[in-house]
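# A closer look at the structure
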Protein chains: 2
Amino acid sequence: MDAQLPEPEPLKALVDALRRLPGVGVRSARRMAYHLLQNDQVGAQRLSQALASALQQLRHCQRCNNFTEDDLCATCANPRRDPSLLCVVENPADQNTLESTHGYRGLYYVLMGRLSPLEGVGPVELEFERLLKRACDGEVKEVILATNFTPEGETTAHYLTELLRARGLTVSRLARGVPAGSELEYVDAGTLAWALIERRNA
Amino acid sequence: MDAQLPEPEPLKALVDALRRLPGVGVRSARRMAYHLLQNDQVGAQRLSQALASALQQLRHCQRCNNFTEDDLCATCANPRRDPSLLCVVENPADQNTLESTHGYRGLYYVLMGRLSPLEGVGPVELEFERLLKRACDGEVKEVILATNFTPEGETTAHYLTELLRARGLTVSRLARGVPAGSELEYVDAGTLAWALIERRNA
Ligand SMILES: [Zn+2]
Ligand SMILES: [Zn+2]
């Protein structure tokens, strides 16, 4: 963009700020800015306030690292959860998805990311020491690794397995296999290969 | 998302506000929220303030409808621009692109949109009356329609041509043709067809 173009400063600043969002290029940022200013000033106001409130009110749960408004999140503070099980997920949405199964009554630890050397995210950035300290509280017996089944999620799981086993903890990983309700014809080969390897007695 | 999940309210509000942005679904909105809160709190702060400042400081130029901090934008207030030429564009980015050619010395009118019946955007929503009043100030001799060469941009241009011609104004449209520097092999058929119809003496 030509620097001499008479674009008002507040508009330029807004486009620049929107460009910092992940996955937003300069064209999307402009489209968003025009849309907010022209067609959704209420939405713009709401977003401005939501950002300020979130920054001010959210912190990390002292035990599980998830976002919370208090020292402890509602899950960690729930005395009916089983403290011997700790499920490690990449982000809060993953925890929500697991909760929606209503099949898990243990606790969680949210990494807020996954190992990604190319993006400069290593064990230090993810504060693995903090997870290890949490997992070694004496109450946790088993750590269930529920990172994604992507290359980066798998690498994270392998790395954590080593660290946690070395501390005498039982470490497990979510099962790989054919999704419930699937027809084999439509399941990809990699998934089928794993389902064969990890086959169980019928 | 299960309403019973213990997600903190400020996080939920932020995700909802981000979802209102054009082209942002719930998954992108979550990714943006986590990124801002976890990795770019400075960016979150900046976006919050940029939105507030833009809402507070930007208004529409009284003459051209572009965003401006004053009653008149810098272009409209420039006495060296030719007031007999008025170029109609869809949005501020289009004006910037035309300015970057350094080939136009007239004035602009920014529609802030284009006709789109399916989205409920008609002549009333685009305030065509305001454009007509502007074009009939007695100084404008020619209106150059520089809306996009998309179906909606073309429809807008056709519609405006009728309205402006009926008021005795000369109306022109940007030329269609082969882009400068193109090899014919790579130019799409529709463009070539127009270039043939609008061929000129060599
Ligand atoms: Zn917690
Ligand atoms: Zn203006």
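Looking up chain A in an unreviewed UniProt entry gives the name Recombination protein RecR, with the organism given as Pusillimonas minor. Looking at chain A in UniProt, the text filed under Function (unreviewed entry) is "May play a role in DNA repair. It seems to be involved in an RecBC-independent recombinational process of DNA repair. It may act with RecF and RecO." A UniProt comment under Sequence similarities (unreviewed entry) is attached to chain A, and it reads "Belongs to the RecR family."

### Observations regarding the UniProt feature "domain: Toprim" (unreviewed entry) in chain A
UniProt annotation of "domain: Toprim" (unreviewed entry) refers to residues 84-179 of chain A when read in the numbering used here. A helix fraction of 32% and a strand fraction of 20% characterise residues 84-179 of chain A, whose end C-alpha atoms lie 28 Å from each other.

### Structural notes on the sheet that holds strand 6 (residues 170-173) of chain B
All names here are of chain B. Strands sit in the order 4-3-5-6 across an open sheet of 4 strands; the sheet is parallel. Two strands bound the open sheet, and with one partner strand each, they are strand 4 (106-110) and strand 6. This sheet shows a mean twist of 25° between the axes of neighbouring strands, independent of strand direction. Across the sheet, helix 4 (residues 92-99) is in contact with strand 3 (82-89) and strand 4; its angle to strand 4 comes to roughly 160°.

### Regarding the interface of chain A and chain B
Contacts between chain A and chain B engage 55 residues on the former and 55 residues on the latter. In total, chain A and chain B occlude about 5,000 Å² of area from one another, counting both sides; carbon and sulfur atoms represent 72% of this. Looking at the side of chain A facing chain B, the largest losses of area belong to A:Arg20, A:Leu51 and A:Leu55, adding up to 13% of the total buried there. There are 2 salt bridges connecting chain A and chain B. One salt bridge connects A:Arg20 with B:Asp40, and the closest N-O pair in it is separated by 2.7 Å. Our enumeration of links across chain A and chain B arrives at 9 residue pairs in polar contact (both at pLDDT 80 or more).

### Focus: the domain arrangement of chain A
Domain annotation for chain A reports domain 1 (9-57) and domain 2 (78-173). Centre-to-centre, using C-alpha coordinates, domain 1 of chain A lies 33 Å away from domain 2 of chain A.

### Focus: the sheet that holds strand 4 (residues 106-110) of chain A
Residue and element names in this part refer to chain A. The strand order across the open sheet built from 4 strands is 4-3-5-6, with neighbouring strands paired in parallel fashion. For this open sheet the edge positions go to strand 4 and strand 6 (170-173), each flanked by a neighbour on one side alone. Taking each pair of neighbouring strands and ignoring which way they run, the sheet shows an average axis angle of 25°. Sheet topology places strand 5 (residues 142-145) next to strand 6; 4 bridges connect them, and they run parallel. Among the inter-strand pairings, Ile144 is bridged to a residue of strand 6, identified as Ser172. Along the sheet, helix 4 (residues 92-99) makes contact with strand 3 (82-89) and strand 4, crossing strand 4 at roughly 160°.

### Things to note about the coordination of the zinc ion (ligand 1)
All names here are of chain A. Donor atoms from the polypeptide that bind the zinc ion (ligand 1) are Cys61 (SG), Cys64 (SG), Cys73 (SG) and Cys76 (SG), placed at 2.2 to 2.4 Å. Look at where the donors of the zinc ion (ligand 1) fall in the sequence and you get C-x2-C-x8-C-x2-C. With Cys61 in the loop between strand 1 (59-60) and strand 2 (67-68) and Cys76 in the loop between strand 2 and strand 3, this pair connects stretches of sequence that are 15 residues apart. With a relative accessible area of 0%, Cys61 lands in the buried category.

### Some words on the pattern of salt bridges
Residues and elements named next belong to chain B. Tallied over the full model, the rule gives 22 salt bridges over all chains. One salt bridge in this structure joins Asp71 and Arg59, with 2.9 Å as the shortest N-O distance. In this pair, Asp71 sits in the loop between strand 2 (67-68) and strand 3 while Arg59 sits in strand 1 (residues 59-60), placing the two residues 12 residues apart along the sequence. Among the residues examined, Asp71 registers a relative accessible area of 41% and is labelled partly exposed.

### Description of the coordination of the zinc ion (ligand 2)
Octahedral metals with six donors have ideal donor angles of 90 or 180 degrees. Tetrahedral metals with four donors have an ideal donor angle of 109.5 degrees. All names here are of chain B. Protein coordination at the zinc ion (ligand 2) comes from Cys61 (SG), Cys64 (SG), Cys73 (SG) and Cys76 (SG), with a distance range of 2.2 to 2.3 Å. Each of the 4 donor atoms bound to the zinc ion (ligand 2) contributes to angles spanning 105 to 120°, and the resulting shape is tetrahedral. When the donors of the zinc ion (ligand 2) are listed by position in the chain, the intervening gaps give C-x2-C-x8-C-x2-C. Note that Cys64 is positioned in the loop between strand 1 and strand 2 and Cys76 in the loop between strand 2 and strand 3, a separation of 12 residues in sequence. For Cys64, a relative accessible area of 1% translates into the label buried. Relative accessible area serves as the criterion here: at 7%, Cys76 is assigned to the buried category.

### A few points about helix 1 (residues 9-19) of chain B
Along helix 1 of chain B, the residues classified as buried are B:Pro10, B:Leu11, B:Leu14, B:Val15, B:Ala17 and B:Leu18. For helix 1 of chain B, the arc enclosing every buried residue in end-on projection is 165°, short of the 170-degree limit, so these residues lie on one face. Where helix 1 of chain B is buried, its residues contact helix 3 (41-57) and strand 2 of chain A together with helix 2 (26-39) of chain B.

### Considerations on the packing of aromatic side chains
Taken as a whole and assessed by the stated rule, the structure comprises 6 aromatic pairs over all chains. Seen from their ring centres, A:Tyr104 and A:Tyr108 are 5.2 Å apart, and the 65° between their planes marks the pair as edge-to-face. Judged by its relative accessible area of 12%, A:Tyr104 falls in the buried class. A cation sits over an aromatic face here: A:Arg173 above A:Phe149, 4.0 Å from the ring centre. Its end group placed over the ring of B:Trp194, B:Arg176 keeps NZ or CZ at 3.5 Å from the ring centre.

What counts and how
- Residues numbered from 1 in each chain as written.
- Chains lettered and ligands numbered in written order.
- Predicted model: local features only at pLDDT ≥ 70, side-chain atom pairs only at ≥ 80, totals over all residues.
- Heavy atoms only, no water.
- UniProt positions renumbered as here; feature names shortened; annotations may be inferred.
- Helix = DSSP H or I, 4+ residues; strand = E, 2+ residues; numbered from the N terminus.
- Pairing = 2+ DSSP bridges.
- Axes fitted to C-alpha atoms, helices over the stretch in contact; angles between N-to-C directions.
- Contact = heavy atoms within 4.5 Å.
- Buried area = accessible area lost by both parts, 1.4 Å probe.
- Salt bridge = Lys/Arg side-chain N within 4 Å of Asp/Glu carboxyl O.
- Polar contact = N/O pair within 3.5 Å; in protein donor to acceptor, adjacent residues only side chain to side chain.
- Domains from an automatic or database assignment.
- Donors = N, O, S within 2.8 Å, 3.2 Å for Na, K, Ca; no water.
- Buried < 20%, exposed > 50% of the residue type's maximum accessible area, 1.4 Å probe, protein only.
- Tetrahedral: all angles 85-135°; square planar, octahedral: opposite > 155°, others 65-115°.
- Arc of directions from axis to C-beta.
- Phe/Tyr/Trp six-rings, centres within 6.5 Å; stacked < 30°, edge-to-face > 60°.
- Lys NZ or Arg CZ within 6 Å of the ring centre and 35° of its normal.

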